Amino acid sequence: MKQCWRWFGPNDKIPLAQLHQAGVEGIVTALHDIPPGEIWSTENIRMRIELLEADDFSWDVAESLPVSEAIKTQSSGYKDHLENYRASLSNLAAAGVRTVCYNFMPILDWTRTVLRSPQPHGGNAMHFSLLDFAVFDLHILRRPSAPDDYNQALRERAAERFADLSNQQKTMLQNTVIAGLPGANDSWTLSDVAERLATYDGIDRERLRRNLIDFLSEVAPHAETCGIRLCCHPDDPPFSLLGLPRVMSSTQDYVRVLDAVDVPASGATLCTGSLGVAEGFDPVGFVRQAGARIHFVHLRNTKRVPGPDPARPDFYEAPHLEGDTDMVATIRALSEEEARRRSAGREDSEIPMRPDHGQELLSDLETDSMPGYPLIGRMRGLAELRGIMAACQP
Ligand code: DNO
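Keep in mind that this is a model prediction, so the values were computed, not measured. (Residues numbered from 1 in each chain as written. Predicted model: local features only at pLDDT ≥ 70, side-chain atom pairs only at ≥ 80, totals over all residues. Heavy atoms only, no water.)

Side note on the overall build of the protein
Rules: Per the convention used, a helix needs a DSSP run of H or I reaching at least four residues, while a strand needs a run of E reaching at least two, with both numbered from the N terminus. Only C-alpha atoms enter the radius of gyration; for comparison, a globular chain is expected to reach 2.2 Å times N to the power 0.38, where N is the number of residues. The buried label applies to any residue whose accessible area, calculated with a 1.4 Å probe on protein chains only, is under 20% of its type's maximum; exposed applies above 50%, and partly exposed to all values in between. Each accessible area value is a Shrake-Rupley result obtained with a 1.4 Å probe; residue values ignore everything except the protein chains displayed when judging cover. Under the convention used here, Asp and Glu are negative, Lys and Arg are positive, and both His and the chain ends fall outside the count. To locate a charge, the coordinates of NZ of Lys, CZ of Arg, CG of Asp or CD of Glu are taken.
For the protein, the helix and strand inventory stands at 13 helices and 12 strands. For a compact globule of 394 residues, the expected C-alpha radius of gyration is about 21 Å, and the protein comes in at 20 Å, within 12% of that figure. With respect to the principal axes defined by its C-alpha atoms, the protein has extents near 60 × 50 × 40 Å. For the protein, with 394 residues in total, the buried portion stands at 56%. With an accessible surface of roughly 16200 Å², the protein has 50% of that area assigned to carbon and sulfur atoms. Taking the average location of the 40 positive side-chain charges in the protein and that of its 56 negative ones, the two points are 2 Å from each other.

Quick look at the structure:
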């Protein structure tokens, strides 16, 4: 696999030039300033490539070319946004960027309830607690149908916990859930969230899945023509939150969508950290079923911890080799997939990967790094994963 690194662009506090020291071979980045639905122009793409090339890097994966809410809900602006999406794909392809990641999660991207949970080794990890999420949903956001999503025992515990939280803790929980994470939601207020939730009234899982398939039917043939590989990132965490539908939470979900738009350009991002939260997720099975269509890999580990609802597990982000995902078996399966591609003469036989997230370790604790994206924690992850990759080489 090609060992890539997510770099957030000129505002990223980690200088590109230093990444060679971490053994980074390629860069995953996006034009984060351009709002979803608008075109990534040739000029903007070229400027980003020049920055990368100045430090001897290539732009290996665009993550993400975001899918607008208008496309996800098929509401006003939908057709124009599809047109713009295709234009961005053409512009990326012309500049040599061939792998494009996106997700189809309504409104929120990845969601945690604690960004810096102290670990026994002295570092910090991100954590998701369903109880804390319920406190946010029931008592901070006060979503009208929230009580339907939690059983009585959980509602009672949430009420007690809310009563115990200081104002500062409430603000921190609110900011953690709706702000501060990569994506377009960093300045949202509670009423912004409520307003956006209303745009999903009447959109259930079946409808959202149909909208995803419609989106792919509109853009994947174009991607195919220009030589772009689209890869859908899974839901994180892989279950419904805030009553919103989620449709890319399991291997089965992927199989349905990949079968519905059955062209190589419509592919998957295997994110072991997101899918692996679900008990029973089998990454090797995922590679067996979707292998030829996996265009990008996020290697991250999570550890489930006892929580109020096994169907919506509590978890924390574990060191890359220590959570519920068997990283050795996963990387071995991916190496075998790469070998199959090599013997079939595929030009994309080397799959780009990145160490997804990292715990905050050592000097990370003194820097104000973006949650999930500290330097040392990710370097540790990449170093460990690289060792497995070397050992799995045929
Ligand atoms: C979190 C990331 C996600 C991912 C998007 C892809 O750290 O893995 O934000 O980039 O969901 O569209």
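A word on the site of the ligand
Applied cut-off: By convention in these notes, a residue is near a molecule or strand provided one of its non-hydrogen atoms lies within 4 Å of it. Here a polar contact means two N or O atoms within 3.5 Å. Within protein one must be a hydrogen donor candidate and the other an acceptor candidate, and residues neighboring in sequence count only if both atoms are side-chain atoms. Residues were grouped as follows: Ala, Val, Leu, Ile, Met, Phe, Trp, Tyr, Cys and Pro as nonpolar; Asp, Glu, Lys and Arg as charged; and all remaining residues, including Gly, as polar.
Taken together, 15 residues lie near the ligand, and Glu63, Ser64, Asp109, His357 and Tyr373 sit nearest. Side-chain polar atom of His233 to an oxygen atom of the ligand: 3.3 Å apart, as the coordinates give it. Here the ligand, which alone exposes 330 Å², has 99% of that area covered by the protein. Broken down by element, the shell around the ligand gets its largest block of residues, three residues, from strand 4 (residues 99-103). Per-class residue counts for the shell around the ligand are five nonpolar, five polar and five charged.

Re the packing of helix 8 (residues 205-226) against helix 9 (residues 251-260)
We apply this condition: Geometry is summarised by axes, namely lines fitted to C-alpha atoms with helices restricted to the contacting stretch, and by angles between N-to-C directions that run from 0 to 180 degrees. Roughly parallel means an angle under 35 degrees; roughly antiparallel means over 145; roughly perpendicular covers 65 to 115; every other angle is labelled oblique. Helix crossings get a hand from a simple test, with the near helix turned counterclockwise from the far one by less than a right angle marking a left-handed crossing and a clockwise turn marking a right-handed one. Contacts are assigned to residue pairs that have any heavy atoms within 4.5 Å of one another.
Packing of helix 8 against helix 9 leaves a shortest axis separation of 9 Å and a crossing angle of 40 degrees. Considered as vectors, helix 8 and helix 9 are oriented oblique to each other. For the crossing formed where helix 8 meets helix 9, the hand is right-handed. For the pair helix 8 and helix 9, contact is made by Arg205, Glu206, Arg209, Leu212, Ile213 and Leu216 and by Asp253, Arg256, Val257 and Ala260, respectively.

Some points on the sheet that holds strand 12 (residues 352-355)
As a reminder of what qualifies: For two strands to count as paired, DSSP must find a minimum of two bridges between them.
Spatially, the eight strands close up into a barrel ordered 1-2-3-4-7-8-9-12, and their pairing is parallel. For this sheet the average axis-to-axis angle between neighbouring strands, irrespective of direction, equals 30 degrees. Sheet topology note: the strand 1 (residues 2-6)/strand 2 (residues 26-29) ladder contains three bridges and is parallel. The partner of Arg6 across the bridge, within strand 2, is Val28. Of the strands in this sheet, strand 4, strand 7 (229-233) and strand 8 (266-271) are in contact with helix 8, which crosses strand 7 at around 155 degrees. Contacts from helix 12 (residues 327-343) reach strand 8 and strand 9 (294-299), with the element oriented near 160 degrees to strand 9.

Some remarks on the pattern of salt bridges
Applicable threshold: Between Lys or Arg on one side and Asp or Glu on the other, a salt bridge is scored when a side-chain nitrogen of the former is within 4 Å of a carboxyl oxygen of the latter.
In the structure shown here, the tally under the stated rule is 34 salt bridges. One salt bridge connects Asp60 with Lys2, and the closest N-O pair in it is separated by 2.9 Å. Of this pair, Asp60 sits in strand 3 (residues 59-63) while Lys2 sits in strand 1; the two residues are 58 residues apart in sequence, bridging distant segments of the chain. Of the charged contacts in the structure, one is a salt bridge between Arg341 and Glu337, with a shortest N-O distance of 2.7 Å. Within this pair, Arg341 and its partner Glu337 are both found in helix 12, separated by four residues, close to a single helical turn. Per residue, the accessibility class of Arg341 equals that of Glu337, and both read buried. Within the structure, one salt-bridge network assembled from shared partners comprises Arg6, Glu63, Arg112, Asp236, Arg300, Glu317, Arg354 and Asp356.

Some thoughts on the pairing of strand 4
The buried fraction of strand 4 is high, at five of five residues. Residues Thr99, Cys101 and Asn103 of strand 4 are buried on one face, and the alternating residues Val100 and Tyr102, pointing to the opposite face, are buried as well. Alignment of strand 3 against strand 4, held across three bridges, turns out to be parallel. Within strand 4, the position partnered with Glu63 by the bridge is Cys101. Across five bridges, strand 4 lies against strand 7 in parallel orientation. Residue pairing in the sheet places Asn103 in a bridge with His233 of strand 7.

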